[in-house]
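The chain contents come next:
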Amino acid sequence: MISPLMPNYNRIDVSFSHGEGAWLVASDGRCFLDFGAGIATSSLGHGHEGLSRAIAEQAGRVMHVSNLYRVPQAERLAERLVGASFADSVFFCNSGAEANEALVKAFRRTMADEGKPERYRVICAEGAFHGRTLAMISATGNAKYLAGFGPAVDGFDHVPFNNLNALRMAITPETAGILVEPIQGEGGVRPADAAYLRGLRAAADEFGLLLGFDEVQSGMGRTGRLFAHEWAGVQPDAVSTAKGIGGGFPLGAMLARERVAKALVPGSHGTTYGGSPLACAAGNAVLDVLLAPGFLDGIVASGDRFRAGLEGLVHRYPDVFSAVRGRGLLQGLVCLVPNGEVQAACMNEGLLVVAAGENVVRLIPPLIVGDAEIDEALLRLDGAARRCRPSLMMNAAK
């Protein structure tokens, strides 16, 4: 018999009753150090006083009114995001996939409005992950995600990541834009070179294309800047973001320059729940923390401390890990044993991590993590590595 809850996830057999900061407590009383953060979503950790209070107070007033009416909380959140970024305007939705759908639709509509409706195709990178809708699994291009869902949605071309020559060769008279993650999260924590991101901007300008960055995972302070593309000094035409923007409350956004934003006129795109008073109250509470003086610099310092410790692990356990890659508090350990084994070993050590592509384990703690918790995570990773050493496993088998 099928379970009442549809079995489309391979869930780990643990549930959580409550949490505080970077810690989660399981229903059976076990404590876990959370370096998965709900897949980079619980940006302020668990039980954050300011976020919890903002959600509770707003829920007690009004949760939802629809976009038939003005939403002051959304207006304030949009103004703050515009003031802190490249963007001129913001569209709110509920998830990263929706944000990417909005971005692609806006790119196509912009070209049509500018008298070039034949320009509808978007160039994406191999190894990407842009979401689970029919269009976004086509933008992702991963055969595993496409299997069984019929023909891929037309309009997406794929080139190797970090390869400008391949990208330029893929541009045709039908190309509308480019959509790339500054750091591929699901694809294995693969950072784009700064020169590559700058080259994307140059190619877009040369051929009259639009440049979009998928910052669903790498945005909202994860790397020590509000958006990861800022490290390369590049200004895109649009950015998608979600995950950490609501601290765990469902919220997504597409930020755009005026050229793109003005294409989404009334009736062209929408969402029932997007930009609700409750979701945007959560988003504003998150920004209260992220935009506080010194907070993003603190993420850089925490990321540097964590990175140094991870590099030490690679040095001590060359038979378990081959490399560390990422930026800030989005780090990945490239594994030489199956990453599922490393994830399980980490759980046995009381540490939550997330598997990714290319046999990588993602380490994406809440952004409020402290030095003591980083050091504790490194100790637990050391214990997990010892559990995974091939020599120890062979001896255990004997």
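Now for a look at the structure at hand. Bear in mind the structure is a predicted one, so any value in this text is a computation, not a measurement. (Residues numbered from 1 in each chain as written. Predicted model: local features only at pLDDT ≥ 70, side-chain atom pairs only at ≥ 80, totals over all residues. Heavy atoms only, no water.)

### Describing the pattern of salt bridges
Pairing of side chains with opposite charge becomes possible as their charged atoms draw close. The tally for this structure, following the rule as stated, stands at 24 salt bridges. Taking the shortest distance from any N to any O, the salt bridge between Arg30 and Asp28 comes out at 2.9 Å. Here Arg201 ties to Asp237 by a salt bridge, and the two come within 3.0 Å at their closest N and O atoms. Of this pair, Arg201 sits in helix α8 (residues 194-207) while Asp237 sits in the loop between β10 (210-214) and β11 (238-241); the two residues are 36 residues apart in sequence, bridging distant segments of the chain. (Salt bridge = Lys/Arg side-chain N within 4 Å of Asp/Glu carboxyl O. Helix = DSSP H or I, 4+ residues; strand = E, 2+ residues; numbered from the N terminus.)

### Thoughts on empty space enclosed by the protein
Counting across every chain of the model gives two cavities of 30 Å³ or more. In this structure, the largest cavity encloses a volume near 40 Å³. Along the walls of the largest cavity sit Ala40, Ser43, Val216, Gln217, Gly219, Met220, Arg222, Lys243, Gly244 and Leu367, which together make up its complete lining. Across the lining of the largest cavity, the residue classes tally to four nonpolar, four polar and two charged. Of the voids in this model, the second largest cavity is the one considered here, and its volume is about 30 Å³. (1 Å grid on protein atoms, 1.4 Å probe; cavity = no way out; pocket = protein on both sides within 12 Å on 5 of 7 lines; lining within 4 Å. Points joined across faces, edges and corners; volume = space filled by probe spheres on them. Nonpolar A, V, L, I, M, F, W, Y, C, P; charged D, E, K, R; others polar.)

### Some thoughts on the nonpolar core
Of all hydrophobic cores here, the largest spans 82 residues; its most connected members are Leu81, Phe92, Leu200, Leu310, Phe321 and Leu381. Sorting elements by how many residues they give to this core places helix α10 (residues 277-290) first, with eight residues. Filtering out sequence-adjacent residues up to four positions away, Leu381 remains in contact with Phe306, Leu310, Leu313, Leu333, Cys346, Leu351 and Leu363. In this structure, Phe91, Ala102, Leu179 and Leu210 belong to the second largest nonpolar core, which totals 22 residues. (Core = buried A, V, L, I, M, F, W, Y, C linked by side-chain atoms within 4.5 Å. Buried < 20%, exposed > 50% of the residue type's maximum accessible area, 1.4 Å probe, protein only. Contact = heavy atoms within 4.5 Å.)

### Considering a nonpolar patch on the surface
A cluster of nonpolar side chains, namely Leu134, Phe149 and Val153, defines an oily patch on the protein surface of about 290 Å² accessible area. Looking at the secondary structure, you find Phe149 in the loop between α6 (143-146) and β6 (156-159). (Patch = residues over 30% accessible without salt bridge, like charges linked within 9 Å, V, L, I, M, F, W, Y side chains within 5 Å. Areas by Shrake-Rupley, 256 points an atom, 1.4 Å probe, with all protein chains shown as cover.)

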